[in-house]
Every structure is written in C-alpha cells, then in structure tokens.
Amino acid sequence: MFRQALDELAEADPELERLLAAGLITNGLFAPGLHRDAAARLERVRADPGAETVGEKMLLSLLAYHDARAGRPAAEVVPLARRALADGRLLRGDTVGGLIPATGVLAMADLDEVLVVYEQALAEAHRHGSTLAFGAVKVFRSLALLWRGDLGEAEAETREALAAGEVWGATARFARHATAFLADSLMEQGRLDEAAALLADIGPGEPLPDSARVLFLGDSARRLRLLRGDLAGGLEEMLQAGHLLEEVGSRNPAFIAWRSPAALALLQLGRGDEGGPLVEEELELARTWGAPRALGAALRAAGLVE
C-alpha cells in the first residue's frame, strides 16, 4: 500500500512523500525480506538529512534507530536522534511513530534525557487525548526504566499501559511489547512463575511472526527458558534469534543481547570454549557502541567465560 501510494503520488507532494516513505521504512526495517530496501532508502536520507519538516524528522529518527541497531558508535548516532527531536515537533500531533525510534536511541545510549522526552510526550498525549500515543510512550518508557534497573517503575508503567489497552483497544504488537517488558521486569525481580504465566497468555498456540518487531517478546521467552534451567532449548533459540537479528541489521547488544546469554548457557553446559568467540564479539560491539549498560553486561559475561 505504501509503495502504491508513493507511485500514485509521483513526487507531487514532497512532504507527503516523506511521510509515506517513513511508513514504508518502518515496516521494512524489521522484516528480513524487506530490510534491504528500507536500508537503501535510509541511505538516501543520510545523503540529504533534512530536519525542518515533520516528515524529514521522522526519516532522520528512523535513520538514527537503524544506525543504533546496526551498532554504529553512539557518539555518531545520538546527535541524529537529538536533531530529530529538536524543537519538539515530533512530540506534537500524531507522530508517535517518528518519536519512538529517536527516543529508543537515547535509551540504548543510557542517557537521562530520554525520560524527560517521555514525560513531555505523555503530556502531549494527554493534551490531544491520544490513547495510541499514551500507550506507546508508556510501553517504551517502561523499557528505558527497565534498562536503567528501575524495576518497580518499569512494572508499574507496563501494567498501566496494558490496562489502557484493555479499555481503549490496542494492536497485537503493542500487547506483545508491553507483555515482554513486564515479563522482563518480573524476571529481574526473581518472579519467574509470574513471568511464565504472563508469557503463556500471549497468543497461546500461535507461532510468532518472522519479524524482529516481536523479538522483544521472543527474547523474554528465551531468557526465561534459560533461567528456569532449560539450557539446551534456550541456547538453540538464542542462536536462531541471532540469525534473524543479523538478517535485519541488528548487531548492537544494547538493543537485544543474544550472544552473552548464549555463551553463559554454553558455559553451564560445560562448553565454555564455544562461548568464547560469542562474548568476544559482543564485547567488541559493545565497546564500539560505547554506552555503559551493554558494555558492563558483555564484560561480565566475558569474565565468567574466561
């Protein structure tokens, strides 16, 4: 539909073209068969990175998110995200799809300012009465809190987002993200049975789509499997997830770290030598990104394997 609309538009409206391109890229970035086209479109944005209109800011936000997931240094990527967020235009109106990628970059870089942006976005969502924006911001604010170790706050945010979704309606992807982040906060608190019950309620019997968009949910399920002692099964799933993440250009362990959990599972299985290359690669990627959370986790895993 996006491609058809772009063809019919035939460059008659540059700003509408940018908005449609942003939608097309958003859907393509996470699908193995579409990622290459989305990445190529973002390279054209890189060649001419405007930041005046909402459409330009949305494209810049997506470029920053793509580069962050790919593992480019945070020192290069964060300025792109800040430029997209500058002047608050992405905060206003129905542009949450452009806001979330840029804030995701700031959260991956462990920057305090992301919480300020989320507070502003929640205020705007209340002002406009947008349940979509309210829910999306709540969900991804919970992820930022989770990454900071604020487990109680993260749990409260996701529960509030899920409650709002039950009242006002929500997409399946929204529910999956919220459930994943809630399960993560429970696991980090040692409440494994609660996390297992929560994950079991999501689409029982339905295979997850082959898309990195739902890999947060899959990552939660895999890590829970490891925590509950199914090392072989969890390890196999971690390695499979690694292949899918590579297919959609996601190498940065600050986004989803699969190498260190896999290496630690191998260590527990008495196959520590096989885990060595995995943690070495994650350590190199974390050092390139240059933010403390991902680097600390990689160093810890590398130390244990060593």
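Values in this document were obtained by computation on a predicted structure and should not be read as measured data. (Residues numbered from 1 in each chain as written. Predicted model: local features only at pLDDT ≥ 70, side-chain atom pairs only at ≥ 80, totals over all residues. Heavy atoms only, no water.)

Attention shifts here to the overall build of the protein chain. When its secondary structure is counted, the protein chain shows 16 helices and zero strands. Structurally, the protein chain occupies a C-alpha span of about 60 × 40 × 35 Å along its principal axes. Split into buried and exposed, the 306 residues of the protein chain put 54% on the buried side. Considering only contacts within the protein chain whose residues lie at least 6 apart along the sequence, 60% involve residues at least 24 apart. (Helix = DSSP H or I, 4+ residues; strand = E, 2+ residues; numbered from the N terminus. Buried < 20%, exposed > 50% of the residue type's maximum accessible area, 1.4 Å probe, protein only. Contact = heavy atoms within 4.5 Å.)

Relative orientation and spacing of two packed helices are given, respectively, by the angle between their axes and the distance between those axes. At a minimum axis distance of 8 Å, the contact between helix α2 (residues 14-28) and helix α3 (residues 35-47) shows a crossing angle of 140 degrees. Taken together, the axes of α2 and α3 lie oblique to each other. The two elements α2 and α3 meet at a crossing, and its hand is left-handed. Residue-level contacts link Leu-24, Ile-25 and Gly-28 of α2 to His-35, Asp-37, Ala-38, Arg-41 and Leu-42 of α3. Residues of the contact of α2 with α3, tallied by class, amount to four nonpolar, two polar and two charged. (Axes fitted to C-alpha atoms, helices over the stretch in contact; angles between N-to-C directions. Parallel < 35°, antiparallel > 145°, perpendicular 65-115°, else oblique. Left-handed = near helix turned anticlockwise from the far one by under 90°. Nonpolar A, V, L, I, M, F, W, Y, C, P; charged D, E, K, R; others polar.)

The next subject is the packing of aromatic side chains. As enumerated under the stated definition, the model contains five aromatic pairs in all. Relative to Tyr-65, the ring of Phe-30 has its centre 6.2 Å away and its plane inclined at 50 degrees; by these criteria the two rings are tilted. Within this pair, whereas Phe-30 is found in the loop between α2 and α3, its partner Tyr-65 is found in helix α4 (residues 54-70), the two being separated by 35 residues in sequence. Per residue, the accessibility class of Phe-30 equals that of Tyr-65, and both read buried. Ring geometry for Phe-140 against Phe-181: centres 6.0 Å apart, planes inclined by 70 degrees, an arrangement best described as edge-to-face. On the criterion of sequence distance, the pair formed by Phe-140 in helix α8 (residues 131-148) and Phe-181 in helix α10 (residues 172-188) is long-range, its members being 41 residues apart. Across the pair, Phe-181 and Phe-140 agree in class, each one buried. (Phe/Tyr/Trp six-rings, centres within 6.5 Å; stacked < 30°, edge-to-face > 60°.)

Turning next to the environment of Asp-110. Tracing the backbone through its elements, the reader meets Asp-110 in the loop between α6 (96-108) and α7 (113-128). C-alpha separation for the pair Asp-110 and Gly-234, spaced 124 residues apart in sequence, amounts to 28 Å. Not counting the four nearest positions on each side in its chain, Asp-110 is found in contact with Ala-291, Pro-292 and Arg-293.

This paragraph deals with the pattern of salt bridges. Considering all chains together, one arrives at 30 salt bridges under this definition. For the salt bridge of Asp-67 with Arg-72, the shortest nitrogen-to-oxygen distance reads 3.6 Å. Classification of Asp-67 by relative accessible area gives buried; the value is 2%. Exposure remark for Arg-72: the relative accessible area of 36% places this residue in the partly exposed category. Of the charged contacts in the structure, one is a salt bridge between Lys-138 and Glu-157, with a shortest N-O distance of 2.8 Å. Residue Lys-138 is located in helix α8, and its partner Glu-157 is located in helix α9 (residues 151-168); the two are separated by 19 residues in the primary sequence. (Salt bridge = Lys/Arg side-chain N within 4 Å of Asp/Glu carboxyl O.)

Honestly, that's just the spatial picture; any functional story needs more than this.
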